[in-house]
Amino acid sequence: MPKIEDFLRSKEEEEIVEAIRIAECDTSGEIRVHIEQKCDTDVYEHALEVFHVLKMDNTIQRNGVLIYVAVDNKTFVIFGDQGINNIVGADFWNSTRDKIATQFKTGNFKQGIVDGITEAGKVLSKHFPWHHHDKDELDNAISKG
């Protein structure tokens with residue numbers, strides 16, 4: 001797998017940030033992407049740690065979604081906060097996972113992440129629609145570890 005700095009070109013990162021911005025236009029939900037070179041522990045547990053470090057559990061409606069990617073491990077985790085998990089079923093997570101995995105299998109990492117963001121945004125907008133008083137609670141930039 002490529003090094004973390006080569007995983008996505010800067011233009012691709014910009015497209016991912018724009019996909020987050022667009023997805024969040026219709027929802028009060030918050031979507032973040034975090035990329036690391038590798039994970040030496042349980043990937044799901046580590047994604048949960050990253051979720052907390054990024055303060056994604058501090059949103060008002062507890063409706064944050066993290067797409068965590070471990071480049072060397074060739075794996076990713078989609079982690080949603082309690083507010084989402086109390087409303088959506090497993091199909092939400094499965095459909096989002098499948099959208100990402102389909103593109104990742106062919107090496108289209110940027111498109112996989114964008115597809116996952118778009119899918120998550122669609123579902124979040126149904127359960128957590130944007131209201132006039134909503135504000136963007138979390139940074140849309142890709143974080144790296």
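Here the structure is a predicted model, which is why all the values come from computation and not from measurement.

(A) Up close: the sheet that holds strand 4 (residues 143-144). Reading across from one edge, 3-2-1-4 is the order of the four strands in this open sheet, with mixed pairing throughout. Only two strands of the sheet have a single partner each, and these edge strands are strand 3 (75-80) and strand 4. One ladder, built from two bridges, connects strand 1 (residues 30-36) with strand 4; its direction is parallel. When the sheet's bridge partners are listed, His34 is paired in strand 4 with Ser143. Across the sheet, helix 5 (residues 90-105) lies against strand 2 (64-70) and strand 3, angled at about 155° from strand 3, the strand it touches most.

(B) Examining the environment of Asp115 more closely. The residue Asp115 is located in helix 6 (residues 109-127) in this model. The contact partners of Asp115, leaving out residues within four places of it in the chain, are Lys99 and Gln103.

(C) Inspection of unusual backbone geometry at higher detail. One non-glycine residue, Arg62, lies in the positive phi region at around 55°. Among the structural elements, Arg62 can be located in the loop between helix 3 (43-53) and strand 2.

(D) Summary view of the environment of Asp26. Mapped onto the elements, Asp26 comes out in the loop between helix 2 (10-24) and strand 1. Counting along the chain gives 93 residues from Asp26 to Glu119, while the straight-line C-alpha distance between them is 12 Å. With residues near it in sequence (within four places) discarded, Asp26 still touches Ser125, Phe128, Pro129 and Trp130.

(E) Molecular detail of the nonpolar core. Core analysis: the biggest nonpolar cluster contains 32 residues, and Ile16, Val33, Ile35, Ile113 and Ile117 have the highest contact counts within it. Those elements that place two or more of their residues in this core are helix 1 (4-7), helix 2, strand 1, strand 2, strand 3, helix 5 and helix 6. Sequence-distant contacts of Ile113, defined by excluding residues within four places in its chain, comprise Phe7, Leu8, Ile16, Val33, Ile67, Val69 and Phe104. In terms of nonpolar packing, the next biggest core, distinct from the first, is built from 13 residues, Cys39, Val43, Ala47 and Phe79 among them.

(F) Quick peek at the packing of helix 5 against helix 6. Relative orientation of the contacting elements helix 5 and helix 6 amounts to 160°, with a least axis distance of 7 Å. Here helix 6 runs roughly antiparallel to helix 5, going by the angle between their axes. When you trace helix 5 past helix 6, the crossing you get is right-handed. For the pair formed by helix 5 and helix 6, the contact residues are Phe92, Ser95, Thr96, Lys99, Ile100, Gln103 and Phe104 on the first element and Phe109, Gln111, Gly112, Ile113, Asp115, Gly116, Glu119, Ala120 and Val123 on the second. Its residues assigned to classes, the contact of helix 5 with helix 6 comprises seven nonpolar, six polar and three charged.

(G) Region of interest: the pairing of strand 2. With seven of seven residues buried, strand 2 lies mostly within the body of the structure. With burial as the criterion, each face of strand 2 is covered, one bearing Gly64, Leu66, Tyr68 and Ala70 and the other bearing Val65, Ile67 and Val69. Sheet analysis places strand 1 next to strand 2, joined by seven bridges and oriented parallel. Looking at the pairing, Ile31 lines up with Val65 of strand 2. Once the chain exits strand 1 it traverses helix 3 before rejoining the sheet at strand 2, and the crossover so formed is right-handed. Across six bridges, the pairing between strand 2 and strand 3 is antiparallel. Note on strand 3: the bridge partner recorded for Tyr68 is Val77. Between the antiparallel neighbours strand 2 and strand 3 lie four residues, among them Lys74 with a positive phi of about 55°.

What counts, and at which threshold
Every chain begins its residue count from 1, and numbering advances along the sequence as written. This being a predicted model, a pLDDT of at least 70 is required before a residue's local features are given, and a value of 80 or more before pairs of side-chain atoms are given or counted; all residues contribute to the totals for chains, interfaces and linings. Working from all heavy atoms in the structure, the side-chain values ignore hydrogens and water. Any two strands with at least two DSSP-identified bridges between them are counted as paired. Strands are runs of DSSP state E lasting at least two residues, helices are runs of H or I lasting at least four, and both sets are numbered from the N terminus onward. Every residue pair with non-hydrogen atoms within 4.5 Å of one another is taken to be in contact. Note on geometry: axes are C-alpha line fits, over the in-contact stretch for helices, and angles between N-to-C directions span 0 to 180 degrees. Put simply, buried Ala, Val, Leu, Ile, Met, Phe, Trp, Tyr and Cys residues joined by side-chain atoms within 4.5 Å make one nonpolar core. To sort residues, take the accessible area from a 1.4 Å probe on protein chains only and compare it with the maximum for the residue type: under 20% means buried, over 50% means exposed, and anything in between is partly exposed. Small angles under 35 degrees read as roughly parallel and large ones over 145 as roughly antiparallel, with 65 to 115 read as roughly perpendicular and the rest as oblique. Whether a crossing is left-handed or right-handed is set by the direction in which the near helix is turned from the far one by less than a right angle, anticlockwise for left-handed and clockwise for right-handed. For this classification, the nonpolar set comprises Ala, Val, Leu, Ile, Met, Phe, Trp, Tyr, Cys and Pro, the charged set comprises Asp, Glu, Lys and Arg, and every other residue, Gly included, is treated as polar. Crossover handedness is defined by viewing with both strands directed away from the observer: a clockwise path from the first strand over the helix to the second marks the crossover as right-handed.

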